[in-house]
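# Summary of the model geometry
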Amino acid sequence: MTNIEVFCEKCKTIANTTQLWCEKCKELNKVQPIEACSYSNYELSTMWSLNDFLPQFSKIMTLSEGNTPCTKISRDKPIKDLILKLEFRNPTGSFRDRAASVIVSDALNKKQKKIVGASTGSFNISLAAYSAKAGIKSTNILPLNLDLSKKEQIQLYGGEVKEIGETVEEAVEFASEYSRTTSSYLATPESNILTIEGQKTIALELVIQKKEISSIIVPKGSGTLILSIFRGYEDAIKSGWIEDIPSIYAVSLKKTHVSHFAESLESKPSKLHEEVKKILVQTKGKDIEIDASVMIDKAMKLAKNEGLFIEPASASVIAAAHQLVETEQINVSRTVGILTGTGINALNIFASQLRGHQKAVWGLSQSSTTKFEILNFIANNKANYGISIWNSLGKSPTKQSIYQHLNQLEKKGLISVIEPKMKQKKYKITRKGLETIERMRALIDYV
Ligand SMILES: [Zn+2]
């Protein structure tokens, strides 16, 4: 790694590691914008076609990531011609492959035998795949309650999975500690600046693919993707490719209820979010909040109408585009939405939506089956009131028995009442309720 200098803007310390945070003053480390030749000299085949902007390694670990195509919305009228960058076309189905490619290359060149990282899943799928190719042992720290297909994909690539904590923050902390005690290379996206350097190639590719972009819609998550895109545009400006950075819109979920649709959108406000705020102000963008239930609906419509199967967190971008067309009057044909990850990573969520409600679950009494259905309705925010649950179940069994089930579920701590003062009780799922659903799903054979 020779051409990239990591330094702290605040205390001017030059880091001799790939840490995202300054060891001395704990502020964000930076990399000086890189100046390269004209964009017309670059013919894209993979992300590494842009290697003038990337760290230099003697050996690169690649699965042909990057150079993802752009397409346009054709059938969703209000946002027709919205440009979509298909990041889910990367080797393991998410933009995280760009980060993992650079990080695993770095680990390989430093002759590391073990690598550890924490995330809400997609990054660790990438990490496990690239580590597999590099012959490095990967340990993947995930919070509990993730979609099962994520965990299984990591294991398929030979990665070890440890489920720690209820939030990704707890998993991230454990991964740092684990890397110290086991001398493993720390790959967590929020800890390693090479995440940003790899993911920034999305912006550089966009400049080469689409010159006339005025805004860009990005899932907020922990903030690393927005940081990365901004970083890419800094390099593009330094190299004379463009004059201004497009307005960046950061999409997150409304904090009204618990949902497990998009773990990667639910991270608590982090220190990175302060940095994101500055970027939004500087680029004249803004924060956009959307409903979890709208998001899953948009994901299913995108598959049905446009043939694109993406995970709920990515569909947040489509929901945000609809909102922006109304409120900000963005020029849709000059706006890009980044579709970050494949629907395969959230297969269980889509499967439960398609199945609708289950009339008989193998091995359960009718009464337990109804409780399980009710839990699923509440967890998916499909119905949160007794009456709407009764309607969703096709008015069978009786209304009274639905209220009995709700009381019993509440007593068991699987659901709780959100607005107790309202005449109608509104229910939300508890953490314990979500865990129960996940355990049930692991056991049940659907027919
Ligand atoms: Zn510092």
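Procedures and definitions
Here the residue numbering is sequential within each chain, running from 1 through the sequence in written order. Under the rules for a predicted model, residues below a pLDDT of 70 receive no local features and side-chain atom pairs below 80 are neither given nor counted, while totals for whole chains, interfaces and linings still include all residues. With hydrogens and water stripped out, all remaining heavy atoms of the structure feed into the side-chain values. Numbering of helices and strands runs from the N terminus; a helix is a DSSP stretch of H or I covering at least four residues, while a strand is a stretch of E covering at least two. Based on C-alpha atoms, the radius of gyration is set beside the globule rule, defined as 2.2 Å times the residue count to the power 0.38. Categorising residues by exposure relies on relative accessible area from a 1.4 Å probe, with only protein chains included: less than 20% of the type maximum marks a residue as buried, more than 50% marks it as exposed, and the intermediate range marks it as partly exposed. Note on areas: Shrake-Rupley, 1.4 Å probe, and residue coverage restricted to the protein chains presented here. Note that His is not counted, nor are the chain ends; the positive residues are Lys and Arg, and the negative ones are Asp and Glu. The atoms used to mark charge sites are NZ of Lys, CZ of Arg, CG of Asp and CD of Glu. The contact criterion used is simple: two residues touch if any of their non-hydrogen atoms lie within 4.5 Å. Take a side-chain nitrogen of Lys or Arg and a carboxyl oxygen of Asp or Glu: if they are within 4 Å of each other, that pair is a salt bridge. Think of it this way: a Phe, Tyr or Trp ring, Trp meaning its six-membered ring, pairs with another when their centres are within 6.5 Å, and the plane angle makes it stacked under 30 degrees, edge-to-face over 60, tilted otherwise. Paired strands, in this sense, are two strands between which DSSP finds at least two bridges. Listed donor atoms are N, O and S within 2.8 Å of the metal (Na, K and Ca: 3.2 Å). As water is not included, a site may look incomplete. Note on geometry labels: four donors, all angles 85 to 135 degrees, give tetrahedral; four donors become square planar and six octahedral when opposite donors are over 155 degrees apart and every other angle is between 65 and 115; remaining cases are irregular. As a rule, the C-alpha atoms of each element are fitted with a line to give its axis, helices using only the stretch in contact, and angles between N-to-C directions run from 0 to 180 degrees. By convention here, the domain bounds are inherited from an automatic or database domain assignment. Here the expected span of a helix is defined as 1.5 Å times the quantity of residues minus one. Throughout, right-handed denotes a crossover for which the path from the first strand over the helix to the second runs clockwise when the strands point away from the viewer.

## So, the overall build of the protein chain
When helices and strands are counted, the protein chain shows 15 helices and 14 strands. The globule rule puts the C-alpha radius of gyration for 447 residues at 22 Å, and the 23 Å found for the protein chain is close to it. Reported as C-alpha extents along the three principal axes, the dimensions of the protein chain are approximately 70 × 50 × 40 Å. Buried residues in the protein chain amount to 56% of all 447 residues. By element, 51% of the accessible surface of the protein chain is carried by carbon and sulfur atoms, the whole surface being about 19,300 Å². For the protein chain, the centre of its 59 positive side-chain charges and the centre of its 48 negative side-chain charges are spaced 5 Å apart.

## A look at the side chain of Ser101
Summarising the element assignment, Ser101 is placed in helix α1 (residues 96-109). Among the residues examined, Ser101 registers a relative accessible area of 0% and is labelled buried. When sequence neighbours within four positions are dropped, the list of residues in contact with Ser101 reads Met47, Trp48, Met61, Thr62, Glu65 and Tyr130.

## Remarks on the pattern of salt bridges
All told, the structure shown has 22 salt bridges when counted by the stated rule. A salt bridge links Asp81 to Lys80, with the shortest nitrogen-to-oxygen separation between them at 4.0 Å. Exposure remark for Lys80: the relative accessible area of 42% places this residue in the partly exposed category. The partner of Glu205 in a salt bridge is Lys85, and the shortest N-O contact between them spans 2.8 Å. Taken as a pair, Glu205 in helix α6 (residues 201-209) and Lys85 in strand β4 (residues 83-86) lie far apart in primary sequence, 120 residues in all. The same class applies to Glu205 as to Lys85, namely buried. Here the residues in one salt-bridge network are Glu197, Lys200, Arg231, Glu234 and Asp235, joined through shared partners.

## Details of the environment of Ala319
For Ala319, the location among the structural elements is in helix α10 (residues 312-327). Taking C-alpha positions, Ala319 is 6.9 Å from Ile290, a pair spaced 29 residues apart along the chain. If we ignore the near neighbours within four places in the chain, the residues touching Ala319 are Ile290, Val294 and Lys298.

## Description of the packing of aromatic side chains
By the definition in use, this model includes seven aromatic pairs. Ring geometry for Tyr39 versus Trp241: centroids 5.9 Å apart, planes at 80°, classification edge-to-face. One end of the pair, Tyr39, is in the loop between β2 (29-31) and β3 (70-72); the other, Trp241, is in the loop between α7 (224-238) and β10 (247-253), and 202 residues separate them in sequence. Summarising the aromatic geometry, the rings of Phe53 and Trp241 are spaced 5.4 Å apart at their centres and angled 80° between planes, so their arrangement reads as edge-to-face.

## Some thoughts on the sheet that holds strand β8 (residues 185-186)
Judged by pairing direction, the sheet is parallel, and its four strands sit side by side in the order β7-β6-β5-β8 without closing on themselves. In this open sheet, the two strands that pair with only one neighbour each are β7 (160-163) and β8. Bridge count for strand β5 (residues 114-118) against strand β6 (residues 137-142) is five bridges, and the pairing is parallel. In the sheet register, Ile115 faces β6, and the bridge partner there is Ser138.

## Overview of the coordination of the zinc ion
Protein coordination of the zinc ion is provided by Cys8 (SG), Cys11 (SG), Cys22 (SG) and Cys25 (SG), with donor distances spanning 2.2 to 2.3 Å. Relative to the metal, the four donor atoms surrounding the zinc ion lie at angles of 101 to 119°, and the coordination shape comes out tetrahedral. On the basis of relative accessibility, which here comes to 3%, the residue Cys22 falls in the buried class. Judged by relative accessible area, Cys25 falls into the partly exposed class, the value being 25%.

## Here's the deal with the sheet that holds β10
The sheet built from six strands is open, its strands ordered β3-β4-β12-β9-β10-β11 with mixed pairing. Each edge of the open sheet is held by one strand with a lone partner, namely β3 and β11 (286-290). Each adjacent strand pair in this sheet contributes to an overall mean axis angle of 30°, direction not counted. Across three bridges, the pairing between β3 and β4 is antiparallel. Considered in β4, the bridge of Thr71 is made with Leu84.

## Topic: the domain arrangement of the protein chain
Partitioning the protein chain into structural domains gives domain 1 (65-90 + 199-347) and domain 2 (356-443). Relative to domain 2, the C-alpha centre of domain 1 lies at a distance of 33 Å.

## With respect to the environment of Tyr178
Topologically, Tyr178 is positioned in helix α4 (residues 168-182). Sequence spacing of Tyr178 and Val116 is 62 residues, and the spatial spacing of their C-alpha atoms is 7.6 Å. Not counting residues within four places of it along the chain, the set of residues in contact with Tyr178 comprises Val116, Thr139, Glu160, Lys162, Ser183 and Ser184.

## What to know about the pairing of β4
Here β4 shows no split at all, with Ile83 and Lys85 on one side and Leu84 and Leu86 on the other all buried. As defined by bridge partners, β4 adjoins strand β12 (residues 335-339) across four bridges and the pair is classed as parallel. Across the sheet, Ile83 pairs through a bridge with Val336, a residue of β12.

## A short note on α7
Quick reminder: α-helices carry 3.6 residues per turn. Residues three or four places apart thus point the same way. Along its 15 residues, α7 runs 21 Å from first to last C-alpha, staying within 8% of the 21 Å computed at 1.5 Å per residue. With respect to burial, α7 is a largely interior element, twelve of its 15 residues being buried. At the C-terminal side of α7, Gly240 shows a positive phi close to 75°.

## Topic: the pairing of β6
The buried fraction of β6 amounts to five of the six residues, a majority that puts the element mostly inside the structure. Regarding the hand of the β-α-β motif, the stretch spanning β5, helix α2 (residues 122-134) and β6 is right-handed. Direction of pairing for β6 relative to β7: parallel, over a ladder of four bridges. Among the inter-strand pairings, Leu142 is bridged to a residue of β7, identified as Glu163. Between the parallel pair β6 and β7, the chain is carried across by helix α3 (residues 148-156), and the sense of this crossover is right-handed.

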